[in-house]
Amino acid sequence: MAGYAFATWAGLEEEAFTVEELLDLASEVAGGQQCHHLVALQMVMASAPLHGWELPGMVDQELGG
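Report follows, based on the coordinates. Bear in mind the structure is a predicted one, so any value in this text is a computation, not a measurement. (Residues numbered from 1 in each chain as written. Predicted model: local features only at pLDDT ≥ 70, side-chain atom pairs only at ≥ 80, totals over all residues. Heavy atoms only, no water.)

Time to look at the overall build of the chain. Scanning the chain from N- to C-terminus turns up three helices and two strands. Going from N to C terminus, the chain has its helices and strands arranged as β-α-β-α-α. Each of the 65 residues in the chain was classed as buried or not, and the buried ones make up 15%. Taking the contacts inside the chain whose residues are at least 6 apart along the sequence as the reference set, 57% of them involve residues at least 24 apart. Only carbon and sulfur atoms are counted for the fraction: they give 58% of the accessible area of the chain, which is about 5,300 Å². (Helix = DSSP H or I, 4+ residues; strand = E, 2+ residues; numbered from the N terminus. Buried < 20%, exposed > 50% of the residue type's maximum accessible area, 1.4 Å probe, protein only. Contact = heavy atoms within 4.5 Å. Areas by Shrake-Rupley, 256 points an atom, 1.4 Å probe, with all protein chains shown as cover.)

Given below as structure tokens:
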């Protein structure tokens with residue numbers, strides 16, 4: 001069974017939404033609680049240390065090798 005995830009930078013921390021609200025929305029769109037395929041919530045903590053994914057592109061052969 002395929003599924004999808006939701007990723008957020010600080011949506012929960014800043015109280016823009018709750019996990020329960022996300023599950024309710026997923027159920028509403030899918031047509032029922034047993035129908036949605038939301039399987040994960042990713043808290044994007046690594047993005048800041050990685051400079052928004054720009055850092056890996058900055059690593060050259062000498063640095064990364």
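Once the structure has been displayed, the description carries forward.
Within the secondary structure, Thr 8 sits in strand S1 (residues 4-8). In this structure the side chain of Thr 8 is engaged in a polar contact, spanning 2.8 Å, whose partner is the backbone nitrogen of Gly 11. Non-local contacts of Thr 8, meaning those with residues more than four positions away in its chain, are made with Phe 17, Leu 41, Gln 42, Met 43 and Val 44. (Polar contact = N/O pair within 3.5 Å; in protein donor to acceptor, adjacent residues only side chain to side chain.)

You will see that Glu 15, though not glycine, has its phi angle at about 60°, which is positive. Looking at where Glu 15 falls in the secondary structure, it is placed in the loop between S1 and helix H1 (19-30).

Once that is clear, we can look at the packing of aromatic side chains. According to the stated counting rule, one finds one aromatic pair in the structure shown. Ring geometry for Phe 6 and Phe 17: centres 5.4 Å apart, planes at 85°, overall edge-to-face. In this pair, Phe 6 sits in strand S1 while Phe 17 sits in the loop between S1 and H1, placing the two residues eleven residues apart along the sequence. (Phe/Tyr/Trp six-rings, centres within 6.5 Å; stacked < 30°, edge-to-face > 60°.)

Note that S1 and strand S2 (residues 38-43) share five bridges and pair parallel. Looking at S2, one finds that Ala 7 is bridged to Gln 42. (Pairing = 2+ DSSP bridges.)

On to a negative patch on the surface. On the surface, Glu 20, Glu 21, Asp 24 and Glu 28 cluster together to form a negatively charged patch. Summarising the element assignment, Glu 21 is placed in helix H1. (Patch = residues over 30% accessible without salt bridge, like charges linked within 9 Å, V, L, I, M, F, W, Y side chains within 5 Å. Salt bridge = Lys/Arg side-chain N within 4 Å of Asp/Glu carboxyl O. Lys, Arg positive; Asp, Glu negative; His and termini not counted. Charge placed at Lys NZ, Arg CZ, Asp CG, Glu CD.)

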